[in-house]
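Report on the structure
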Amino acid sequence: MTHLPLPEGLAERIRACNSTYTVRFGVRLRGRMYSFTGWRSIHSDHTEPVKGGIRYDPEASAEEVEALAALMSLKCALVDVPFGGSKGALRIDPREWEVHELERITRRFTQELASRNLISPGRNVPAPDMGTGEREMAWMADEYKRTGHSDIINAAACVTGKPLARGGIAGRTEATGRGVQYAIHCYLRDTSRDGVGGRRDLAGMSVAVQGFGNVGYHAAKFLSEEDRAHVVCVMERDGYLYNPDGIDVEALKRHQLATGGILGFPGAEFHPNSARGLEADCDILIPAAMEGAITRHNAERIRAKLIVEAANGPIAFDAEPLLTARGIVILPDLFANAGGVIVSYFEWVKNLSHISFGLMERRRRERRNGQLAGALETMTGQAFPAEIRDEFLEGGDEIDLVRSGLDDVMRSAYARMAAALRDRPELVDFRTAAYHIALNRIADAYKAIGI
Ligand SMILES: NC(=O)c1ccc[n+]([C@@H]2O[C@H](COP(=O)([O-])OP(=O)(O)OC[C@H]3O[C@@H](n4cnc5c(N)ncnc54)[C@H](O)[C@@H]3O)[C@@H](O)[C@H]2O)c1
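Residues numbered from 1 in each chain as written. Predicted model: local features only at pLDDT ≥ 70, side-chain atom pairs only at ≥ 80, totals over all residues.

As recorded in an unreviewed UniProt entry, the chain goes by Glutamate dehydrogenase and comes from Amaricoccus solimangrovi. In the Sequence similarities (unreviewed entry) part of its UniProt record, the chain is described as follows: "Belongs to the Glu/Leu/Phe/Val dehydrogenases family." (UniProt positions renumbered as here; feature names shortened; annotations may be inferred.)

Attention now goes to the overall build of the chain. Within the chain, the secondary structure is distributed over 14 helices and 12 strands. Scaling as 2.2 N^0.38, a compact globule of 451 residues should have a C-alpha radius of gyration of about 22 Å, and the chain matches this with 23 Å. Along the three orthogonal principal directions, the C-alpha set of the chain runs to about 80 × 55 × 55 Å. A total of 451 residues make up the chain; the buried ones form 46% of that total. Once local pairs closer than 6 in sequence are excluded, the contacts in the chain between residues at least 24 apart make up 69%. (Helix = DSSP H or I, 4+ residues; strand = E, 2+ residues; numbered from the N terminus. Rg over C-alpha atoms; globule rule 2.2 N^0.38 Å. Buried ≥ 20, exposed ≤ 12 C-beta atoms within 10 Å, placed from the backbone. Contact = placed C-beta atoms within 7 Å.)

On to the site of the ligand, then. Residues in close proximity to the ligand total 24 residues, the closest being Gly211, Gly213, Val215, Ala311 and Gly340. Breaking the shell around the ligand down by element, the ones donating at least two residues are helix H6 (214-225) and strand S7 (230-236). Ranked by the residues each element gives to the shell around the ligand, the list is headed by H6, at 3 residues. Taken together, the residues of the shell around the ligand break down into 10 nonpolar, 11 polar and 3 charged. (Near = placed C-beta within 6 Å. Nonpolar A, V, L, I, M, F, W, Y, C, P; charged D, E, K, R; others polar.)

If you trace the 5 strands from one edge of the open sheet to the other, you get S1-S2-S4-S3-S5, paired in mixed fashion. Both edges of this open sheet fall to strand S1 (19-29) and strand S5 (124-128), since each of them pairs with a single strand only. The mean angle between the axes of side-by-side strands here comes to 25 degrees, regardless of whether they run parallel or antiparallel. As defined by bridge partners, strand S3 (residues 50-56) adjoins strand S4 (residues 84-90) across 5 bridges and the pair is classed as parallel. Residue pairing for S4: Tyr56 is matched across the bridge by Leu90. (Pairing = 2+ DSSP bridges. Axes fitted to C-alpha atoms, helices over the stretch in contact; angles between N-to-C directions.)

Moving on to the nonpolar core. Nonpolar side chains tend toward joint burial in soluble globular proteins. Formed by 130 residues in total, the largest nonpolar core has its most connected members in Ala183, Val207, Val234, Ile284, Ile286, Val308 and Phe335. Counting residues per element, this core draws most heavily on helix H2 (residues 62-79), which supplies 11 residues. (Core = buried A, V, L, I, M, F, W, Y, C linked by C-beta atoms within 7 Å.)

This brings us to the UniProt feature "binding site: substrate" (unreviewed entry) in the chain. Per the UniProt record, the feature "binding site: substrate" (unreviewed entry) sits at Lys51, Lys75 and Ser344. The greatest C-alpha distance among the residues just named is 12.9 Å, despite their covering 294 residues of sequence, which places them together in space. Considering the arrangement of structural elements, one finds Lys75 in helix H2. Classification of Lys75 by C-beta neighbours within 10 Å gives buried; the count is 29. Setting aside residues up to four positions removed in sequence, Lys75 forms contacts with Leu334, Ala338 and Val341.

Time to look at the pairing of S3. In terms of burial, S3 is a largely internal element, 7 of the 7 residues being buried. For the segment spanning S3, H2 and S4, crossover handedness is right-handed. Of the strand pairs in this sheet, S3 and S5 are connected by 5 bridges, and their pairing is parallel. What sits directly across from Lys51, in S5, is Val125. (Right-handed = clockwise from strand over helix to strand, strands pointing away.)

Okay, structure coming up:
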């Protein structure tokens with residue numbers, strides 16, 4: 001916080017997590033009792049509700065959850081969504097349990113959280129993260145509704161990332177991957193920077209992705225299908241695939257779903273040492289799996305010109321200077337993977353307002369296009385033929401509203417970082433600029449309420 005003079009004590013106040021709850025509970029499964037440990041950490045409740053995903057991971061720990069909760073506070077402040085930061089985890093390997101067992105465990109975990117106000121539409125709103133998805137969110141929302149702690153009218157807003165049929169919003173599942181794509185677009189549009197090796201068009205650029213789960217798969221899909229980038233390398237737990245001509249992302253997803261891994265995929269060369277894929281020849285590297293993937297041990301061998309942090313904290317603290325010294329640009333996690341929390345905010349607002357966004361968007365377009373059609377008819381003195389008029393008046397759907405909203409918020413956050421970098425030369429890179437903006441916002445909130 002050396003670039004940000006704060007009143008005495010405030011930096012300390014912001015740095016520390018407000019609270020971290022450990023929950024331990026038992027579930028009777030397979031004829032015996034199994035014990036589970038989980039956490040929900042609240043970093044900063046300067047704005048409520050607090051927000052952050054829940055991950056299912058056998059390596060989860062309280063320290064990791066606290067660090068991720070702090071990152072959520074910064075992320076929300078940077079992109080200007082009105083949430084404080086929180087994060088949760090359950091120490092479990094979801095692949096070891098049947099679906100009906102996972103459901104019982106998740107429902108029991110939800111009861112533990114609900115009894116401590118750690119899941120609540122107005123206080124604390126979880127979302128999916130590593131190892132969880134819309135299925136777990138649907139179970140959580142349903143269980144929350146049944147607890148005595150439920151705010152029944154707004155119960156659906158107690159978690160985001162739900163399936164559409166259970167109060168979710170169009171585009172949430174792919175929102176983080178979509179945000180990664182928009183983050184890259186923002187960077188390439190910025191003419192004050194060099195682009196990627198002097199290039200600004202994603203078509204033909206080579207991309208490597210670590211982690212082919214929710215975030216990694218969607219980012220790879222949009223970049224290859226819509227921007228015509230070549231996804232040349234995909235890393236997963238079992239190894240990495242490399243094809244300099246580009247990997248068929250959809251075919252690989254089908255293969256992964258059918259076999260549980262990427263081994264045996266016919267469209268690329270397989271290498272068993274997964275982490276070596278980080279060093280593959282590519283323009284853009286997208287780590288989208290776990291923390292600390294890039295360390296001081298492999299940083300010197302990274303060949304990408306741009307690293308986009310789709311995962312939280314994929315670059316170790318001491319690896320970053322080694323990368324930036326070589327001119328590698330980093331789009332930091334609090335910006336690059338904010339798409340999830342941004343669209344979560346839309347979902348939360350939708351649940352609380354009890355309004356169908358699709359309907360709203362259709363009405364808005366109908367009004368606007370109706371006025372336009374009227375003006376054109378007056379100018380030309382001719383009425384539109386009925387079928388053309390109908391097509392012209394046809395409204396968009398919820399997904400259009402979500403995408404344009406996400407794009408808007410990402411562009412604004414990027415513009416704030418770029419302006420900070422331009423106005424304050426001491427902020428040397430995007431991460432420092434992002435931290436500066438976010439910490440300022442949080443500090444202002446604390447100063448306003450008096451600490
Ligand atoms: N889901 C979201 O909306 C969201 C939002 C913001 C940030 N994130 C972050 O993005 C990252 C990925 O989250 P996700 O939701 O896509 O999780 P996910 O569980 O859907 O996917 C993670 C993928 O990474 C793979 N993986 C795990 N260990 C690996 C390793 N050592 N090498 C290569 N691959 C490995 C897994 O097999 C899995 O396919 C996490 O850091 C998460 O915190 C997710």
